[in-house]
Number of protein chains: 2
Amino acid sequence: MYAATALSNPPPKIDVSGLALCRGLARQAASRIVAVSTLQRAKAGETLFSEGDDADGVYEVVTGMLRLYKLLPDGRRQITGFLGTGQILGLAPEGTHVYSAEAINDVTLCRYPRAGFERLIDEVPGLARRLLAVTSHELRAAQDQMLLLGRKAAAEKVASFLLLMADQQGNDDEIALPMGRSDIADYLGLTIETVSRTFTKFKTEGLIALPTTYRVEIRDRDQLEDFASGQGDPEL
Amino acid sequence: MYAATALSNPPPKIDVSGLALCRGLARQAASRIVAVSTLQRAKAGETLFSEGDDADGVYEVVTGMLRLYKLLPDGRRQITGFLGTGQILGLAPEGTHVYSAEAINDVTLCRYPRAGFERLIDEVPGLARRLLAVTSHELRAAQDQMLLLGRKAAAEKVASFLLLMADQQGNDDEIALPMGRSDIADYLGLTIETVSRTFTKFKTEGLIALPTTYRVEIRDRDQLEDFASGQGDPEL
DNA sequence: CGCAAACTTGATGTTGCTCAAGCTAGGTGG
DNA sequence: CCACCTAGCTTGAGCAACATCAAGTTTGCG
């Protein structure tokens, strides 16, 4: 089912049509991009690259999930995003990565080395535009996250997070959370204790169920959406 | 001195070479872009467009300063950026603006209407790539801001803000703050009272001087930088 | 079955928010 | 030209939300 399974040594042909970076491009354009790409794997917890490293290429997540983050000198961490299948990372026109990237679980990636990729941007029609769409979409997500971090209360942050995850995963009310509580806390600008307490509160109120620590079931999406937009019942 | 002054009815020729959007493009490419552009002005407090509006075009700030922001239904506001001379806004590949834009003081803009601009992206060599650089740079700023909003304490936020403004303005220790305290508060995820108290504290400690409400002089950049990166003396 | 890591729950503390007065500067009209 | 007026800034006192510190408890793995 997963490409990762099929890939277990030695890696066979990639399913070209599935690469998100090529979505919307002509067949010939897509095949030129695929030509420079290589598959890469990372184990859970492994670091792909760190903030400040030379950007050696662009990556696309094939399976698994990554966390992107920035650190303060004293170790405080802000996770800027969780990336799943089809999402792009590593675009760094200024030459160095501005965030670190780690695998949350085992991850398969498609890597486009910098050298070849840079050339393709100018040569492959539509590619620059496709990348523009990708970064614009990321920018939009970043702005939503700024609103969340700057102006939402803890319960509103957690509700927004659950709905975002549900959205990313398509399936409406059964969410997988591959990341731990401390990743969630560092994504929402909270502590793990506050995240945990809020989960418990939502469970007690019947908004969600927690079959396991890493799995959430949405029970009352409407009320969760009210919370996420700041209209939740403050009594709860 | 300002283009705004020179422009007072009727607008004369634009100084093409000064348009930031065209930076790095060939002369002929630049002139095609300028051909579709029009000048536009906005008074202090005026709204350029609101979140959810159809994106009718791309803008470049020529003089003055804008605030970009998002709102929650109950009126809580998060300012996602302050834009000065040479900065681009309004790129919205999905067709609608994802933030609102207002003039802080009187502003002069260069507007590239959507219709013509879309075509140019495909036709003008290097333009798509130039736009990619612009959005990548914005994305970088957005990620810095996420770290600030999620993980920095009040004094660290204010110190970071002052240094950012100093940076944007080039001149090292005399900063103009065209925006009011409530704009600063909504940018940093604080209240105006906390911003005001922190300014007073920095002044008392000799890190800054406040000749007027809208003007800051940096007196001890090193210590301000320590604060901004979270290494400031917690005793202060 | 035992161990360690991660999560949950509880008690207490602190930062920054809220509410409430003053204060100041800039603009207006007498 | 000056006094007034108002919007915005500053300052203060009390409070609430979330962080911190400290045990327990669960989960998954060897």
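Just above sits the structure.
Residues numbered from 1 in each chain as written. Chains lettered and ligands numbered in written order. Predicted model: local features only at pLDDT ≥ 70, side-chain atom pairs only at ≥ 80, totals over all residues. Heavy atoms only, no water.

Participant: I tried to follow the overall build of chain A on my own but got confused; where do I start?
Facilitator: Secondary structure summary: chain A contains eight helices and eleven strands in total. Here the C-alpha atoms of chain A give a radius of gyration of 19 Å, agreeing with the 18 Å that 2.2 N^0.38 yields for 236 residues. Dimensions along the principal axes, computed over C-alpha positions, put chain A at roughly 60 × 40 × 30 Å. Burial statistics for chain A: of 236 residues in total, 50% are counted as buried. Long-range contacts, defined as pairs at least 24 residues apart, comprise 69% of the intrachain contacts of chain A with a sequence gap of at least 6. Of the roughly 10,800 Å² of accessible surface on chain A, a fraction of 49% belongs to carbon and sulfur atoms. (Helix = DSSP H or I, 4+ residues; strand = E, 2+ residues; numbered from the N terminus. Rg over C-alpha atoms; globule rule 2.2 N^0.38 Å. Buried < 20%, exposed > 50% of the residue type's maximum accessible area, 1.4 Å probe, protein only. Contact = heavy atoms within 4.5 Å. Areas by Shrake-Rupley, 256 points an atom, 1.4 Å probe, with all protein chains shown as cover.)

Participant: Which parts of the structure should I look at to understand the protein's contact with DNA strand D?
Facilitator: Not every one of the 16 residues close to DNA strand D is listed here, only the nearest: Thr194 and Arg197 of chain A together with Ser196, Arg197 and Thr200 of chain B. Close to the protein, within 4 Å, the atoms of DNA strand D are drawn from sugar and phosphate at a rate of 67%. Contact between DNA strand D and Thr194 of chain A: a phosphate oxygen at 2.5 Å from a side-chain N or O atom of the residue. Thr200 of chain B places a polar side-chain atom, nitrogen or oxygen, 2.6 Å from a phosphate oxygen of DNA strand D. Going through the elements one at a time, α7 (192-204) of chain A together with α7 (192-204) of chain B are the ones with two or more residues in the surface near DNA strand D. Take the surface near DNA strand D: its biggest share by element is four residues, from α7 of chain B. Of the residues in the surface near DNA strand D, the class split is four nonpolar, seven polar and five charged. (Near = heavy atom within 4 Å. Polar contact = N/O pair within 3.5 Å; in protein donor to acceptor, adjacent residues only side chain to side chain. Nonpolar A, V, L, I, M, F, W, Y, C, P; charged D, E, K, R; others polar.)

Participant: Honestly, the nonpolar core in this entry has me stumped. Any pointers?
Facilitator: Nonpolar side chains in soluble globular proteins tend to end up buried together. In this structure, Phe161, Leu162 and Phe202 of chain A together with Phe161, Leu162 and Phe202 of chain B are the most contacted members of the largest nonpolar core, which totals 72 residues. Setting aside its immediate chain neighbours within four residues, Leu162 of chain B contacts Ile175, Phe199, Phe202, Ile208, Val216 and Leu224 of chain B. Leu25 and Ala29 of chain A together with Cys22 and Ile121 of chain B belong to the second largest nonpolar core, which has 43 residues in total. (Core = buried A, V, L, I, M, F, W, Y, C linked by side-chain atoms within 4.5 Å.)

Participant: I would appreciate a short explanation of the interface of chain B and chain A in the present structure.
Facilitator: Interfaces are frequently sized by the accessible area removed from exposure as the parts join. The partner chain A presents 45 residues to the 45 residues of chain B that form the contact. Taking both sides of the interface into account, the surface hidden between chain B and chain A amounts to around 4,200 Å²; carbon and sulfur atoms contribute 61%. In terms of surface lost to chain A, no three residues of chain B exceed Arg129, Met146 and Arg151 of chain B, which account for 19% of the buried area on that side. There are twelve salt bridges connecting chain B and chain A. In this structure, Asp144 of chain A engages Lys70 of chain B in a salt bridge whose closest nitrogen and oxygen atoms are separated by 2.9 Å. Counting the contacts that link chain B with chain A gives 19 residue pairs in polar contact (both at pLDDT 80 or more). When residues of the side of chain B that touches chain A are traced back to their parent elements, those giving at least two are β4 (66-71), β5 (77-83), α3 (114-123), α4 (127-151) and α6 (181-188) of chain B. When residues of the side of chain B that touches chain A are assigned to their parent elements, the largest contribution, 19 residues, is made by α4 of chain B. When its residues are assigned to classes, the side of chain B that touches chain A shows 18 nonpolar, twelve polar and 15 charged. (Buried area = accessible area lost by both parts, 1.4 Å probe. Salt bridge = Lys/Arg side-chain N within 4 Å of Asp/Glu carboxyl O.)

Participant: Help me understand the sheet that holds strand β11 (residues 215-218) of chain B in this model?
Facilitator: Pairing between the strands of a sheet is mediated by backbone hydrogen bonds and can be parallel or antiparallel. All names here are of chain B. Spatially, the three strands line up as an open sheet ordered β9-β11-β10, and their pairing is antiparallel. Among the strands making up the open sheet, the edge pair consists of β9 (174-176) and β10 (208-212). Here the average twist between neighbouring strands, direction ignored, is 25 degrees. Where β9 and β11 come together, three bridges link them in antiparallel fashion. Directly across from Glu174, in β11, lies its bridge partner Glu217. (Pairing = 2+ DSSP bridges. Axes fitted to C-alpha atoms, helices over the stretch in contact; angles between N-to-C directions.)

Participant: For this particular structure, what's the right way to read the protein's contact with DNA strand C?
Facilitator: Surrounding DNA strand C, one finds 16 residues, the nearest of these being Ser196, Arg197 and Thr200 of chain A together with Ala154 and Thr194 of chain B. In DNA strand C, the atoms that sit within 4 Å of the protein are 67% sugar and phosphate, with bases accounting for the remainder. For DNA strand C, a phosphate oxygen lies 2.9 Å from a polar atom in the side chain of Arg181 of chain A. Interatomic distance of 2.9 Å between a backbone N/O atom of Ala154 of chain B and a phosphate oxygen of DNA strand C. Residue assignment for the surface near DNA strand C shows that the elements contributing at least two residues are α7 of chain A together with α7 of chain B.

Participant: In this structure, what is going on with the sheet that holds strand β1 (residues 38-42) of chain B? I would like to understand it.
Facilitator: Residue and element names in this part refer to chain B. The strand order β1-β8-β3-β6 describes an open sheet built from four strands, whose pairing is antiparallel. Lying at the two open borders of the sheet, with one neighbouring strand each, are β1 and β6 (88-89). Where β1 and strand β8 (residues 107-113) come together, five bridges link them in antiparallel fashion. Residue Gln40 lies in a different strand from β8, and its bridge partner there is Leu109.

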